Amino acid sequence: MSGDEREGVSLSNLDQQVFEGATKRDLVDYLDAVSAQILPVLTGRPLSVIRILRGQDPFMQKNVPKYTPSFVRTVKLWAESSKREVSYALCDDRRTLLWFGNQRAVEYHPALIPAGWNHPTHLVLDLDPPEGEDFRIVVRAAHLVRQALADCGLRGAVKTSGAKGVHIFVPLAEHGIEDVAAATRAVAARAERIDPDLATTAFIRDDRGGKVFLDSTRAGGATVVAAYSPRLRPGLPVSFPVGWDELESVKPRDFTVHNAAGLLAGRDPWTENMPEPQQLPADLIEQGHTIPIARVQAMHEGKRRARAKRAH
């Protein structure tokens, strides 16, 4: 049988392949099995998803489609990039999660700022390995970030990104968007300074010189893939929380829609590992405000290089 119904949601074509090594049934069963763990990180947050429809390339969906059922809660937000109002879904319950799974929504990217709030709940750093390097180099860089955080009295939780890197989340007391963005840049700069041969904050790929990129741009209105979210990779690996002392002994491919629910065994390590919300030190925020915003700096630098090329 290719379909069934759960929580009032009709599920269809469950035996179709979603991506290499995983069927739609694998995806839906996994989301259902981890609903108690993934819903707390999605609830109340404007959600972007990456869907993959049969015979099409994957696409990021922010605006909910016209046929979205009435039980899916939504929130309208102004999107600066597209200069229009976007109607985002709020995935607050199992029924909505199952509906998304049936829509072949594989990746779940909640906003860092919940709907109706004006401050981010976490400071986030996204660590990316250089091309061709294995996960161990990212783990070493993650410990630099942990050290930089500890040096200013902060603690965070870490998870595999489900792709090639890791995400470090620091839960925050109430701070404004600009101050959190500034502190994120400062933490990255301090981690880079501990070992500049290993890690870099260079936004332009060609400037990274084979080092791990400490991406401090996940701030403000940004989204980050949720803990427990599958990723569009062969076998559907998932973004999985790990203890700091376990990082050395894991690889991102260890956790997939096929085994992650069993590994959790009903536990929620993301919540367990997450420290209490913390106050950002004033000097960290202050330092961050002196560091240029990476994307803006990269844009200006790109234009400058293009001009220099034309001049030759």
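The rules we used
Residues numbered from 1 in each chain as written. Predicted model: local features only at pLDDT ≥ 70, side-chain atom pairs only at ≥ 80, totals over all residues. Heavy atoms only, no water. Salt bridge = Lys/Arg side-chain N within 4 Å of Asp/Glu carboxyl O. Helix = DSSP H or I, 4+ residues; strand = E, 2+ residues; numbered from the N terminus. Buried < 20%, exposed > 50% of the residue type's maximum accessible area, 1.4 Å probe, protein only. Contact = heavy atoms within 4.5 Å. UniProt positions renumbered as here; feature names shortened; annotations may be inferred. Pairing = 2+ DSSP bridges. Axes fitted to C-alpha atoms, helices over the stretch in contact; angles between N-to-C directions.

## So, the pattern of salt bridges
In step 1: All told, the structure shown has 15 salt bridges when counted by the stated rule.
In step 2: Among the salt bridges present, the one from arginine 25 reaches aspartate 15, with a minimum N-O distance of 3.2 Å. Within this pair, whereas arginine 25 is found in helix 1 (residues 24–33), its partner aspartate 15 is found in the loop between strand 2 (9–11) and strand 3 (17–19), the two being separated by 10 residues in sequence.
In step 3: Residue classification places arginine 25 among the partly exposed residues on the basis of a relative accessible area of 24%.
In step 4: One salt bridge in this structure joins glutamate 107 and arginine 231, with 3.2 Å as the shortest N-O distance. Of this pair, glutamate 107 sits in strand 9 (residues 105–110) while arginine 231 sits in the loop between strand 14 (212–215) and strand 15 (241–242), and the two are 124 residues apart along the sequence. Here the two residues glutamate 107 and arginine 231 agree in accessibility, since each one is buried.

## A word on the side chain of glutamine 37
In step 1: Structurally, the position occupied by glutamine 37 is in helix 2 (residues 35–42).
In step 2: Residue classification places glutamine 37 among the buried residues on the basis of a relative accessible area of 6%.
In step 3: Contacts of glutamine 37, omitting those with residues within four sequence positions, involve Tyr228, Leu264, Gly266, Arg267 and Asp268.

## Overview of the environment of alanine 265
In step 1: Here alanine 265 shows up in the loop between helix 6 (260–264) and helix 7 (269–273).
In step 2: Given a relative accessible area of 64%, alanine 265 falls into the exposed group.
In step 3: The sequence separation of alanine 265 and serine 249 amounts to 16 residues, and the corresponding C-alpha distance is 20 Å.

## Thoughts on the UniProt feature "domain: DNA ligase D polymerase" (unreviewed entry) in the protein
In step 1: UniProt feature "domain: DNA ligase D polymerase" (unreviewed entry): in the numbering of this structure it lies at residues 23–270.
In step 2: End C-alpha atoms of residues 23–270 are separated by 26 Å, and the span's content is 28% helix alongside 22% strand.

## Regarding the sheet that holds strand 14
In step 1: The mixed open sheet is built from six strands, whose spatial order is 13-14-10-12-11-15. Each end of this open sheet is capped by a strand with a single partner; those strands are strand 13 (199–200) and strand 15.
In step 2: When strand 11 (residues 157–160) meets strand 15, the two strands line up antiparallel, connected through two bridges. Looking at strand 15, one finds that valine 158 is bridged to valine 242.
In step 3: Strands strand 10 (122–128), strand 11, strand 12 (166–171), strand 13 and strand 14 of the sheet are contacted by helix 4 (residues 135–151), whose axis makes an angle of about 15° with strand 12.
In step 4: Helix 5 (residues 177–194) rests against strand 10, strand 13 and strand 14 of the sheet, and its axis sits at about 40° to strand 10.

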